[in-house]
Amino acid sequence: MTPSITSKSLRFSFSIAPSHSKSNPYPKIPLPNPKFHQFPQPLLRLKPISAVQSKLLVPDAGAIVVDRVTEAELKENGFRSTRRTKIVCTIGPQTCGFDELEALAVGGMNVARINMCHGTREWHRQVIEHVRRLNEEKGFGVAVMMDTEGSEINMGDLGGATSAKAEDGEIWTFTVRTLGLDCPDRTITANYDGFAEDVKVGDELLVDGGMVRFVVTEKIGPDVICCCTDPGMLLPRANLTFWRDGSLVLERNAMLPTISSKDWLDIDFGIAEGVDFIAVSFVKSAEVIKHLKSYIAARSPKNDIAVIAKLESIDSLGNLEEIILASDGAMVARGDMGAQIPLEQIPSVQENIVQLCKQLNKPVIVASQLLESMVEYPIPTRAEVADVSEAVGQQADALMLSGESAMGHYPEKALAVLRSVSLRIERRLREKRHSTLEVQTMSSSLHIGIQEEMCNAAVKMANKLEADALFVYTKTGHMASLLSRNRPDCAVFAFTPNSSVRRRLNLRWGLIPFCLSFSNEMESNLKRTFSLLKARGMISSGGLIIVVSDQLRSIQVINVP
Ligand SMILES: Nc1ncnc2c1ncn2[C@@H]1O[C@H](COP(=O)(O)OP(=O)(O)O)[C@@H](O)[C@H]1O
Ligand SMILES: C=C(OP(=O)(O)O)C(=O)O
Ligand SMILES: [K+]
Ligand SMILES: [Mg+2]
């Protein structure tokens, strides 16, 4: 039977077919050497959703709700082969339409990110609305992350152009004048008034973390005249940093608040729209996170928005532990980080942050330039695949696409690459671990807690017994996070009655979040879960399951009846 999602999403969202396949899913794109372009992963077939079925997706009291893509993955590939590493996609002009968003959801997007640096609130509202509608009408479980602009120094929006090319030796003017749409050629606005006073002749000006470089040659009133020394593409609202005598000039940034007045308005917008995550740009200390969390607690009665600290400012690196502890998760924002520390330090900083987050039980996202060349080309570089593999090998909770999905030519292919590389590396890690009979669980490091000990023990058992899945019944998601933290060999089915907890668990490594109401009676919970899952073809009799719950201090080992 022909799958019924739009031919477009089928063509682009699934993994690249083997070379012997009769129909090439990418008919128009030449594949110079097919050997290199097989991201080996079986094609998933999502069943069509009829109008009648679509109504059934609205959960009733007795139902179990799971993301449609995961359900298809479970049915086709079984328990063990679900993807553990989660994927965040930045939504931009290439992917903001309903159909494009659906294609990303089909392709495995777990979280849709909107970046408040760009676009209007109305534009972002529309995207959030589309994601909601996809979840409600089509059975996806995509969460929404809003990313603040932050008050670092930015360029303006290029008078409406999508990009501009700066060539070697060209003279460009950076100005604090207000320019309308008739922006003169080779002129760029800077977003803060003191810019022309703060820079000095001889300073080096880095755009977007050094993707393009200029040297300041002259200052004329509000205009700073610069000569391009490293050519490249200028993108609207790109970050600007300036360097003097080999050091980053930080005085101005130190005076700017982490959360600007515009950011507070965006945060109000995010709270009103009910986003699942707010990511805070250029976090420097734990204070700002605590402040935002108390603001959210006061404004959002259910207090169900998680705060993610973006680690990208040089000032954050000395306070990592307290920032991560204060947050609900962290992002290794390698883009701007690369403008503030030497590039060769980024891999070790990434590794440290990922390990620290695992230790402190906070989800961590590795972001920026994972597949940068795919903004323009349909195939990633070998080096990009190696970088993605490294992040998956570190067992980061999630990988993020930025320009690749926001404004690139191949958003769905970039997503397919993240998915295929994740699956391959995850399997390899399990095989490696298995061949050395190594059982790895986290040491207890949080404040001594019964739940943490139980989860560590449950994962150890699951790995040793080669269980098919861990089940966790969790109201707040905490127990589920403690299982995920141990990066078990098997998938973790997390059952929660709360749909916003379910969406937030989307960011956690290896968790398959289900919405399910349950009682204090474990026996009846299990009976019901088994029958609901069996009816949907997601589990079969005989499977070995290890069960833990928020409420009961017990670990159960059960064969699916
Ligand atoms: N809402 C949007 N509207 C227009 N363009 C966007 C939007 N979001 C992202 N983009 C484009 O995608 C690029 C990459 O996104 P991202 O990495 O989030 O931003 P930035 O480059 O500012 O760090 C941006 O530079 C911008 O060109
Ligand atoms: C993710 C990042 O932040 P933004 O895209 O908002 O600059 C980054 O700098 O890597
Ligand atoms: K941002
Ligand atoms: Mg950044």
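Along each chain, residues carry numbers from 1 onward, in the same order as the chain's sequence is written. The naming scheme follows written order: chains are lettered A onward, ligands numbered 1 onward. For a predicted model such as this one, the threshold for reporting local features is a pLDDT of at least 70, and the threshold for listing and counting side-chain atom pairs is 80 or more; totals across whole chains, interfaces and linings nevertheless cover every residue.

Student: Explain the domain arrangement of the protein chain to me, please; I cannot follow it from the model alone.
Tutor: Accessible area lost upon the coming together of the parts serves often as the stated size of an interface. Domain start and stop positions are those given by an automatic or database domain assignment. For the protein chain, the domain assignment lists domain 1 (83-151 + 257-424), domain 2 (158-250) and domain 3 (450-559). Spacing between the C-alpha centres of domain 1 and domain 3 amounts to 26 Å. By definition, residue pairs are in contact when their C-beta atoms, positioned from the backbone, come within 7 Å. Between domain 1 and domain 3, the contact holds 17 residues from the first and 14 residues from the second. Three categories are distinguished: nonpolar for Ala, Val, Leu, Ile, Met, Phe, Trp, Tyr, Cys and Pro, charged for Asp, Glu, Lys and Arg, and polar for the others, with Gly belonging to the last. Class assignment for the residues of the side of domain 1 that touches domain 3 results in 5 nonpolar, 6 polar and 6 charged.

Student: Just checking my understanding: could you explain the site of ligand 2 for this structure?
Tutor: Around ligand 2 lies a shell of 13 residues, among which Ala333, Gly335, Asp336, Ala367 and Ser368 are the nearest. Ranked by the residues each element gives to the shell around ligand 2, the list is headed by helix H11 (residues 334-340), at 3 residues. When the residues that make up the shell around ligand 2 are grouped by side-chain class, the tally is 3 nonpolar, 5 polar and 5 charged. Contact assignment follows one rule, namely that a residue is near a molecule or strand if its backbone-placed C-beta atom lies within 6 Å of it. Counting from the N terminus, the helices are DSSP H or I runs at least four residues long and the strands are E runs at least two residues long.

Student: What is the right way to look at the pairing of strand S19 (residues 469-473) in this model?
Tutor: Side chains on a regular strand alternate between the two faces of the sheet. Burial analysis of S19 places 5 of its 5 residues in the buried class, the great majority of the element. Here exposure depends only on C-beta density: within 10 Å of a residue's C-beta, 20 or more other C-beta atoms make it buried, 12 or fewer make it exposed, and intermediate numbers make it partly exposed, the C-beta atoms being placed from the backbone. Because side chains alternate across S19, one face comprises the buried residues Ala469, Phe471 and Tyr473, and the other comprises Leu470 and Val472, equally buried. By definition, two strands form a pair when at least two bridges between them are found by DSSP. Both S19 and strand S20 (residues 491-496) contribute to a ladder of 5 bridges, which runs parallel. Each residue of the ladder has a partner; that of Phe471, found in S20, is Phe493. By the criterion used throughout, a crossover qualifies as right-handed when its path from the first strand across the helix to the second strand runs clockwise, the strands pointing away from the viewer. Of the crossover connections in this fold, the one passing from S19 over helix H17 (residues 478-485) to the parallel S20 is right-handed. In the sheet, S19 pairs with strand S22 (residues 544-549) via 5 bridges, with the strands oriented parallel. Pairing of Ala469 across the sheet is with Ile545, part of S22.

Student: When you look at the packing of helix H4 (residues 98-106) against helix H5 (residues 121-138) in this model, what are you seeing that I'm missing?
Tutor: Any two packed helices are characterised by the angle at which their axes cross and by the distance between the axes. For helices, the fitted axis covers only the stretch in contact; all axes are lines through C-alpha atoms, and the angles between them, taken along N-to-C directions, range from 0 to 180 degrees. Across the interface, H4 lies against H5 with an axial gap of 10 Å and an inter-helix angle of 60°. Relative to H5, the element H4 is oriented oblique. H4 and H5 meet at a crossing whose hand is right-handed. Contacts between H4 and H5 involve Phe98, Leu101, Glu102 and Ala105 on the former and, on the latter, His130, Val131, Leu134 and Lys138. Residues belonging to the contact of H4 with H5 are distributed by class as follows: 5 nonpolar, 1 polar and 2 charged. Any angle that falls under 35 degrees is termed roughly parallel, while one over 145 is termed roughly antiparallel, one within 65 to 115 roughly perpendicular, and all others oblique. Put simply, a crossing is left-handed when the front helix is turned counterclockwise from the back one by less than a right angle, and right-handed when it is turned clockwise.

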